[in-house]
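For reference, the chains in residue letters:
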Amino acid sequence: MGESEDTAKKTERATGSSSDGFEEIETKSAGERADEVPAGTARNRWIGLAAGLVVAVVVYLIMPASVSHPAKLTAATALLMGIWWMTEAIPIAATALLPLIIFPTLNSKVSMNKIGSS
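Quick caveat: nothing in here was measured; it's all calculated off a predicted structure. (Residues numbered from 1 in each chain as written. Predicted model: local features only at pLDDT ≥ 70, side-chain atom pairs only at ≥ 80, totals over all residues. Heavy atoms only, no water.)

**Notes on the environment of L79**
Okay, so step 1: Tracing the chain through its elements places L79 in helix α4 (residues 69–87).
Okay, so step 2: Considering only alpha carbons, one finds L79 and G52, 27 residues apart in sequence, at a separation of 7.1 Å.
Okay, so step 3: When residues no more than four places from it in sequence are discounted, the contact partners of L79 are V55 and V59. (Helix = DSSP H or I, 4+ residues; strand = E, 2+ residues; numbered from the N terminus. Contact = heavy atoms within 4.5 Å.)

Put into C-alpha coordinates, the structure is as follows:
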(Lines give C-alpha, C1' and ligand atoms only; values in the text may rest on other atoms or scores of the structure.)
Protein backbone atom coordinates (compact mmCIF):
# COMPACT_ATOMS: atom_id res chain seq x y z
CA MET A 1 0.00 0.00 0.00
CA GLY A 2 1.10 3.50 -0.70
CA GLU A 3 1.33 6.19 1.93
CA SER A 4 -1.81 7.99 0.72
CA GLU A 5 -3.87 4.76 0.83
CA ASP A 6 -2.66 4.08 4.39
CA THR A 7 -3.63 7.61 5.47
CA ALA A 8 -7.08 7.19 3.86
CA LYS A 9 -7.66 3.94 5.78
CA LYS A 10 -6.71 5.61 9.09
CA THR A 11 -9.12 8.47 8.31
CA GLU A 12 -11.91 5.97 7.55
CA ARG A 13 -11.42 4.23 10.89
CA ALA A 14 -11.29 7.51 12.83
CA THR A 15 -14.36 9.09 11.25
CA GLY A 16 -16.43 5.95 10.69
CA SER A 17 -16.96 6.74 7.03
CA SER A 18 -15.27 5.34 4.00
CA SER A 19 -14.09 7.00 0.83
CA ASP A 20 -17.01 5.49 -1.10
CA GLY A 21 -19.52 7.53 0.96
CA PHE A 22 -20.90 4.73 3.15
CA GLU A 23 -20.72 4.99 6.92
CA GLU A 24 -19.54 2.14 9.07
CA ILE A 25 -22.36 0.46 11.00
CA GLU A 26 -22.04 0.15 14.77
CA THR A 27 -22.15 -3.55 15.58
CA LYS A 28 -22.82 -3.32 19.32
CA SER A 29 -26.35 -3.17 20.68
CA ALA A 30 -27.53 -0.35 22.91
CA GLY A 31 -27.12 -2.60 25.95
CA GLU A 32 -23.53 -3.37 25.04
CA ARG A 33 -22.74 0.32 24.55
CA ALA A 34 -24.40 1.35 27.82
CA ASP A 35 -22.29 2.24 30.81
CA GLU A 36 -21.88 -0.41 33.49
CA VAL A 37 -24.43 -0.24 36.32
CA PRO A 38 -22.78 0.94 39.56
CA ALA A 39 -22.60 -1.66 42.34
CA GLY A 40 -24.92 0.34 44.61
CA THR A 41 -27.60 0.54 41.93
CA ALA A 42 -27.44 -3.18 41.25
CA ARG A 43 -27.73 -3.90 44.98
CA ASN A 44 -30.76 -1.59 45.28
CA ARG A 45 -32.44 -3.36 42.36
CA TRP A 46 -31.99 -6.78 43.97
CA ILE A 47 -33.29 -5.45 47.28
CA GLY A 48 -36.28 -3.91 45.50
CA LEU A 49 -37.00 -7.14 43.67
CA ALA A 50 -37.06 -9.15 46.90
CA ALA A 51 -38.81 -6.45 48.96
CA GLY A 52 -41.57 -6.09 46.37
CA LEU A 53 -42.32 -9.80 46.44
CA VAL A 54 -42.22 -9.99 50.25
CA VAL A 55 -44.46 -6.92 50.72
CA ALA A 56 -46.97 -8.19 48.15
CA VAL A 57 -47.26 -11.57 49.86
CA VAL A 58 -47.47 -10.04 53.35
CA VAL A 59 -50.17 -7.56 52.30
CA TYR A 60 -52.18 -10.32 50.66
CA LEU A 61 -51.96 -12.49 53.77
CA ILE A 62 -52.71 -9.83 56.41
CA MET A 63 -55.79 -8.40 54.72
CA PRO A 64 -59.00 -9.38 56.52
CA ALA A 65 -60.87 -12.49 55.40
CA SER A 66 -63.91 -10.34 54.59
CA VAL A 67 -61.98 -8.79 51.68
CA SER A 68 -62.48 -10.69 48.45
CA HIS A 69 -59.65 -12.53 46.72
CA PRO A 70 -59.61 -10.18 43.68
CA ALA A 71 -59.34 -7.15 45.98
CA LYS A 72 -56.44 -8.68 47.91
CA LEU A 73 -54.76 -9.60 44.64
CA THR A 74 -55.18 -6.07 43.29
CA ALA A 75 -53.73 -4.49 46.45
CA ALA A 76 -50.75 -6.86 46.47
CA THR A 77 -50.11 -6.29 42.75
CA ALA A 78 -50.31 -2.51 43.16
CA LEU A 79 -47.71 -2.56 45.94
CA LEU A 80 -45.48 -4.95 44.03
CA MET A 81 -45.59 -2.71 40.96
CA GLY A 82 -45.01 0.43 43.01
CA ILE A 83 -41.91 -0.97 44.71
CA TRP A 84 -40.53 -2.35 41.45
CA TRP A 85 -41.14 0.98 39.69
CA MET A 86 -39.39 2.95 42.43
CA THR A 87 -36.37 0.66 42.56
CA GLU A 88 -36.40 -0.20 38.83
CA ALA A 89 -35.88 -3.83 39.85
CA ILE A 90 -36.98 -4.81 36.36
CA PRO A 91 -37.52 -2.44 33.43
CA ILE A 92 -40.53 -0.16 33.92
CA ALA A 93 -42.22 -1.43 30.75
CA ALA A 94 -41.97 -5.01 32.01
CA THR A 95 -43.37 -3.98 35.40
CA ALA A 96 -46.37 -2.41 33.65
CA LEU A 97 -47.18 -5.81 32.13
CA LEU A 98 -47.44 -7.58 35.51
CA PRO A 99 -51.25 -7.30 35.77
CA LEU A 100 -51.56 -9.05 32.42
CA ILE A 101 -49.70 -12.01 33.90
CA ILE A 102 -50.82 -11.96 37.54
CA PHE A 103 -54.59 -11.52 37.22
CA PRO A 104 -55.36 -14.34 34.73
CA THR A 105 -52.89 -16.65 36.47
CA LEU A 106 -54.03 -16.14 40.07
CA ASN A 107 -57.70 -15.19 39.61
CA SER A 108 -59.99 -17.78 38.02
CA LYS A 109 -62.66 -15.14 37.30
CA VAL A 110 -60.38 -13.18 34.98
CA SER A 111 -59.34 -14.61 31.64
CA MET A 112 -56.70 -13.39 29.23
CA ASN A 113 -59.45 -12.59 26.71
CA LYS A 114 -61.22 -10.29 29.18
CA ILE A 115 -57.99 -8.44 29.99
CA GLY A 116 -57.03 -8.11 26.34
CA SER A 117 -60.44 -6.75 25.37
CA SER A 118 -60.60 -4.16 28.15
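**Here we look at the packing of helix α3 (residues 39–62) against α4**
Okay, so step 1: The N-to-C vectors of α3 and α4 enclose an angle of 165°; their axes lie 8 Å apart at closest approach. What the angle tells us is that α3 and α4 run roughly antiparallel. Note on packing geometry: the crossing formed by α3 with α4 is right-handed. On the side of α3, the interface is formed by N44, R45, G48, L49, A51, G52, L53, V55, A56, V59 and Y60, while α4 contributes H69, K72, L73, A75, A76, L79, L80, I83, W84 and T87.
Okay, so step 2: Split by residue class, the contact of α3 with α4 holds 14 nonpolar, five polar and two charged. (Axes fitted to C-alpha atoms, helices over the stretch in contact; angles between N-to-C directions. Parallel < 35°, antiparallel > 145°, perpendicular 65-115°, else oblique. Left-handed = near helix turned anticlockwise from the far one by under 90°. Nonpolar A, V, L, I, M, F, W, Y, C, P; charged D, E, K, R; others polar.)

**Remarks on helix α6 (residues 98–106)**
Okay, so step 1: L98, P99, I102 and F103 are the residues of α6 that are buried. One side of α6 holds all its buried residues, which, seen down the axis, span an arc of 100°. Exposed positions of α6 whose direction lies more than 90 degrees from the buried face are I101 and T105. (Buried < 20%, exposed > 50% of the residue type's maximum accessible area, 1.4 Å probe, protein only. Arc of directions from axis to C-beta.)

**Quick word on the environment of I102**
Okay, so step 1: Turning to its location among the elements, I102 is positioned in helix α6.
Okay, so step 2: The exposure class assigned to I102 is buried, which follows from its relative accessible area of 15%.
Okay, so step 3: Taking the C-alpha atoms as reference points, I102 and T74, separated by 28 residues in sequence, lie 9.3 Å from one another.
Okay, so step 4: Excluding residues within four positions of it along the chain, I102 makes contact with L73, T77, L80 and N107.

**Quick look at unusual backbone geometry**
Okay, so step 1: Not every positive phi belongs to a glycine, and E88 is a case in point at roughly 50°.
Okay, so step 2: In this structure, E88 sits in the loop between α4 and α5 (92–96).
Okay, so step 3: Under the relative-accessibility criterion, E88 is labelled partly exposed at 40%.

**Thoughts on the side chain of T77**
Okay, so step 1: Along the polypeptide, T77 turns up in helix α4.
Okay, so step 2: When its relative accessible area of 4% is taken as the criterion, T77 is described as buried.
Okay, so step 3: A polar contact of 2.7 Å, which involves the side chain of T77, links it to the backbone oxygen of L73.
Okay, so step 4: Those residues in contact with T77, other than ones at most four positions away along the chain, are P99, I102 and F103. (Polar contact = N/O pair within 3.5 Å; in protein donor to acceptor, adjacent residues only side chain to side chain.)

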